Amino acid sequence: MRILTGIQPSGKLHWGNYFGAMKSMFDLQEKGENFMFIANFHAMTTVRDGAVLREATKDVALDYLACGLDPAKTVIYRQSDVPEVQELAWYLSCLTPMGLLERCHSYKDKMAHGFEATHGLFAYPVLMAADILIMQADLVPVGKDQKQHLEVTRDLCIKFNNQYGDILKLPDAYIPDTVATIPGTDGQKMSKSYHNTIELFEPNGSIKKKVMGIVTDSKTMEEPKEPEGNSIYELYKLFATPEEVAAMAASFRAGNYGYGHAKKALLEAYHRLFDPFRARREELAKDTATLEDILREGARKARAFAAPTMERVRSAVGL
Ligand code: ADP
Ligand code: TRP
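Residues numbered from 1 in each chain as written. Chains lettered and ligands numbered in written order. Predicted model: local features only at pLDDT ≥ 70, side-chain atom pairs only at ≥ 80, totals over all residues. Heavy atoms only, no water.

**Examining the environment of Lys 110**
- In this structure, Lys 110 sits in helix H6 (residues 105-112).
- Take Lys 110: its relative accessible area is 26%, and that puts it in the partly exposed class.
- The residues touching Lys 110, leaving out its near neighbours within four places in the chain, are Thr 46, Phe 115 and Leu 121. (Helix = DSSP H or I, 4+ residues; strand = E, 2+ residues; numbered from the N terminus. Buried < 20%, exposed > 50% of the residue type's maximum accessible area, 1.4 Å probe, protein only. Contact = heavy atoms within 4.5 Å.)

Okay, here's the thing in structure tokens:
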């Protein structure tokens, strides 16, 4: 089974990204042939500063490698190092009805948030279809927000195959129900657009400040509290063992347990999981040559997988 996913380097990765997207990729790492790429072409729809994009691309690669992506098990590459995706995107574009893209929520949302209506933003789902179809992926782990893009990918795959013959594999989305929406420091969905994120690798002092600043109600320490639905408790569930979670719930219900205590426990649980990742990231960041080698080797492998498909595609479309 071939598993592929991509992530845009459009900001620092945060706890929501880790538990909502990265972790399911690590969990699947043992189950198939895995591909994970950094969607820097896609990020250009919103990031227009070259230095920022280059830095963010490197940061995403370091974050994934530090948190457990094993390049021996998962091919990791930069989207731009596989330029054939742009070529396939063009062939798909010529079959894409305007109406299909006009219906896409993410395009409408971006416009509602004040982004300029560029052709790149509009054509985003076609490029995403090319990323997936070029690798003949079976399964694509994504968050719920990407469901519609996967539907576009499937439509374009069927359309291409009906027109040119059975060349591209029909992929399925993998959207685990178990992944809850992770709350941010203000209780809304954690998202860089809401400025309520806790980044995976921000400096220790700043993580502490954000955890201690998580918004709560104004119950006193003595009052018993219902843990379910409380952001600190919801975040603690991600990091702690079931026994620790049960103990926190019991403490909240018993009273004499304040939000400050729970925040401290959350911070400790974060450090227990992330301190080894932080140490690994520091090491990796010192050696940019090795990072570059890993990404180049990933691109080499990815292009080798893409080559036979592209040969068949070019021949079928008449080139
Ligand atoms: P952001 O909302 O910060 O812009 P992205 O849209 O770039 O994050 O998300 C990249 C991936 O991380 C997606 O697959 C998305 O589903 C997942 N993700 C982001 N935030 C959360 C969250 N708060 N809870 C669960 N998953 C999330
Ligand atoms: N659109 C995805 C996101 O914002 C990123 C992405 C681009 C992607 N191409 C992909 C994800 C192909 C999976 C497969 O999260």
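Now that the structure has been shown, we can carry on.
**Re the state of the cysteines**
- Applying the stated rule across the entire model yields zero disulfides.
- Cys 104 takes part in no disulfide bond, and the closest cysteine sulfur, belonging to Cys 157, lies 16 Å away. (Disulfide = S-S within 2.5 Å.)

**Focus: the site of ligand 2**
- Near ligand 2 there are 14 residues, and of these Gly 6, Gln 8, Tyr 124, Asp 131 and Gln 146 occur at the shortest range.
- Between ligand 2 and the protein, one listed contact pairs an oxygen atom with a side-chain N or O atom of Gln 8 at 3.1 Å.
- Within the side chain of Tyr 124, one N or O atom sits 2.6 Å away from a nitrogen atom of ligand 2.
- At four residues, helix H7 (residues 119-134) tops the list of elements feeding residues into the shell around ligand 2.
- Its residues placed into classes, the shell around ligand 2 shows eight nonpolar, five polar and one charged. (Near = heavy atom within 4 Å. Polar contact = N/O pair within 3.5 Å; in protein donor to acceptor, adjacent residues only side chain to side chain. Nonpolar A, V, L, I, M, F, W, Y, C, P; charged D, E, K, R; others polar.)

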